[in-house]
Amino acid sequence: SIYSDSEQASVAVAQQIADLIRQRHGEGRPCVLGLATGSSPTRVYEELVRMHREEGLSFRNVITFNLDEYYPMQPDSLQSYVRFMHEYLFDHVDIPAENIHIPNGTIRQEEVAEYCRRYEADIEEAGGIDLQLLGIGRTGHIGFNEPGSGASSRTRLITLDHITRTDAASDFYGEENVPRRALTMGVGTILEARQIVLMAWGEGKAAVIKRMVEGEPTDSVPATYLQRHPAVQVVLDEAAAAEL
Ligand code: GLP
């Protein structure tokens, strides 16, 4: 779907998520959400907080799994995705703390493989992801699945692309401070979600959106693998859709 601006688009995505939460609640079941960070989903989270405050939307039956986290990263750092999620969403709604899962950027390197297996097992035990929110990086990454990530990749430690570190430089007050690695769900993990909503705003995303939608599926643009998923919505503003 193409909206005239990201505001309208974000409100529509938030409404869709709220409907799913209420539907699952009505069925007496948890609603499992895969969540993303970055600038693209912030208005969605703000709108969900508004719906919690003004419309009584409850998150008591919501279980969340975030896509990724820098590595290493302390949870209280300014740039941590733990901090981001608490600031934009979790601190303002009634989600039980034990329902929140965000990759832990403080685990020791020797523990990474086991930790990543556990993260996947936790998703499975929750019943799988009902709806996965995604942004997209200029490299064609989803989560932090940089070029080279295969369609069946799983949750793991990855080396960040130079372009991604350049794009993150301002958040870290200089590219030299951007971590070189990150923990991320794999492309294969993401593709197992029942429903996927990818959001992109602004002219800076137009070129990668064209490659994602019109290019052949390839490891060099991991977002192209979304073409293989039966229930993906690509939500764009006019600027991000300009090259389609
Ligand atoms: C980071 C995140 C991605 C996100 C991307 C785009 O790299 N790890 O999950 O999709 O940034 O960010 P933005 O939404 O700020 O453009």
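Values in this document were obtained by computation on a predicted structure and should not be read as measured data.

Student: Tell me about the UniProt feature "domain: Glucosamine/galactosamine-6-phosphate isomerase" (unreviewed entry) in the protein chain, residues and numbers included.
Tutor: In the numbering used here, UniProt assigns the "domain: Glucosamine/galactosamine-6-phosphate isomerase" (unreviewed entry) feature to residues 5–227. Taken end to end, residues 5–227 comprises 35% helix and 15% strand; its first and last C-alpha atoms sit 24 Å apart.

Student: Explain the site of the ligand to me, and be specific about the residues and the numbers.
Tutor: Lining the immediate environment of the ligand, one finds 13 residues, of which Gly 38, Ser 39, Ser 40, Gly 135 and Gly 137 sit closest. Residues belonging to the shell around the ligand are distributed by class as follows: four nonpolar, eight polar and one charged.

Student: Break down the packing of helix 1 (residues 6–26) against helix 2 (residues 42–55) for me, with residues and values.
Tutor: For the pair helix 1 and helix 2, interaxial distance at closest approach is 8 Å and the crossing angle is 55°. One way to sum up the angle between helix 1 and helix 2 is to call them oblique. Here helix 1 and helix 2 pass one another in a crossing that is right-handed. Where helix 1 abuts helix 2, its residues Ser 6, Glu 7, Ser 10, Val 11, Val 13, Ala 14, Ile 17 and Ala 18 lie against Arg 43, Val 44, Glu 47, Leu 48 and Met 51. Of the residues contributing to the contact of helix 1 with helix 2, the split by class is eight nonpolar, two polar and three charged.

Student: Go over the nonpolar core with me, naming the residues and quoting the values.
Tutor: Counting residues in hydrophobic clusters, the biggest one holds 57 residues, and the most contacted among them are Val 197 and Leu 198. In contact with Leu 198, other than residues within four places in its own chain, are Leu 134, Ile 136, Leu 226, Val 232, Val 234 and Val 235. Residues Met 73, Ile 158, Ala 182 and Leu 183 belong to the second largest nonpolar core, which totals eight residues.

Student: Before we move on, could you go through the pairing of strand 6 (residues 131–134) and cite the residues and values that matter?
Tutor: Where burial is concerned, the two faces of strand 6 agree: the one with Leu 131 and Leu 133 and the one with Gln 132 and Leu 134 are both buried. Judged from the two bridges that link them, strand 2 (residues 31–35) and strand 6 form a sheet pairing that is parallel. Looking at the pairing, Gly 34 lines up with Gln 132 of strand 6. Looking at chain direction, strand 6 and strand 9 (residues 195–200) are connected through four bridges and run parallel. Its bridge partner lying in strand 9, Leu 133 is registered against Val 197.

Student: Describe the environment of Met 185, listing the residues and the values that go with them.
Tutor: Looking at the element boundaries, Met 185 is found in the loop between strand 8 (181–184) and helix 6 (187–191). Each C-alpha atom, one on Met 185 and one on Lys 205, is 22 Å from the other, the two residues being 20 residues apart in sequence. Non-local contacts of Met 185, meaning those with residues more than four positions away in its chain, are made with Leu 67, Asp 68, Gly 143, Thr 155 and Ile 190.

Student: Give a description of unusual backbone geometry that names residues and reports values.
Tutor: Leave glycine aside and you will find that most residues have negative phi; peptide bonds, for their part, are mostly trans. Cis peptide bonds are those with omega within 30 degrees of zero, and the linkage from Tyr 71 to Pro 72 qualifies with -5°. Phi angles above zero are rare outside glycine, and Tyr 173 is one such case at about 55°. Here Tyr 173 lies in the loop between helix 5 (162–168) and strand 8.

Student: Could you give me a rundown of the sheet that holds strand 7 (residues 156–159), with the residues and numbers involved?
Tutor: Taking strand neighbours across the sheet as the criterion, the three strands line up as 4-8-7 in an open arrangement whose pairing is antiparallel. At either end of the open sheet lies a strand with only one pairing partner, and these are strand 4 (68–71) and strand 7. Pairwise comparison of adjacent strand axes, ignoring direction, gives a mean angle of 30° for this sheet.

Student: Report on the sheet that holds strand 1 (residues 2–3), specifying residues and quantitative values.
Tutor: What the seven strands build is an open sheet, ordered 1-10-9-6-2-3-5; its pairing is parallel. On the outer flanks of this sheet lie strand 1 and strand 5 (100–101), each paired with one strand and no other.

Student: Now, about the pairing of strand 3 (residues 62–66): what can you tell me, with residues and values included?
Tutor: Note on strand geometry: in a regular strand, side chains alternate between the two faces of the sheet. Judged by how many residues are buried, strand 3 sits mostly within the fold: five of five residues are covered. Here strand 3 shows a buried face lined by Val 62, Thr 64 and Asn 66 and a second buried face lined by Ile 63 and Phe 65. The handedness of the strand 2 to strand 3 crossover, carried by helix 2, is right-handed. Where strand 3 lies against strand 5, two bridges are found, and the strand directions are parallel. Counted as the bridge partner of Phe 65 is His 101 from strand 5.

Student: Break down helix 2 for me, citing the residues and quoting the values.
Tutor: Compared with the 20 Å implied by 1.5 Å per residue over 14 residues, the 19 Å span of helix 2 between its first and last C-alpha is a close match. On its buried side, helix 2 packs onto helix 1 and helix 3 (81–88). Following helix 2 by one or two positions, Gly 56 has its phi on the positive side, about 70°.

Calculation criteria
- Residues numbered from 1 in each chain as written.
- Predicted model: local features only at pLDDT ≥ 70, side-chain atom pairs only at ≥ 80, totals over all residues.
- UniProt positions renumbered as here; feature names shortened; annotations may be inferred.
- Helix = DSSP H or I, 4+ residues; strand = E, 2+ residues; numbered from the N terminus.
- Near = placed C-beta within 6 Å.
- Nonpolar A, V, L, I, M, F, W, Y, C, P; charged D, E, K, R; others polar.
- Axes fitted to C-alpha atoms, helices over the stretch in contact; angles between N-to-C directions.
- Parallel < 35°, antiparallel > 145°, perpendicular 65-115°, else oblique.
- Left-handed = near helix turned anticlockwise from the far one by under 90°.
- Contact = placed C-beta atoms within 7 Å.
- Core = buried A, V, L, I, M, F, W, Y, C linked by C-beta atoms within 7 Å.
- Buried ≥ 20, exposed ≤ 12 C-beta atoms within 10 Å, placed from the backbone.
- Pairing = 2+ DSSP bridges.
- Right-handed = clockwise from strand over helix to strand, strands pointing away.
- Expected span 1.5 Å × (residues − 1).

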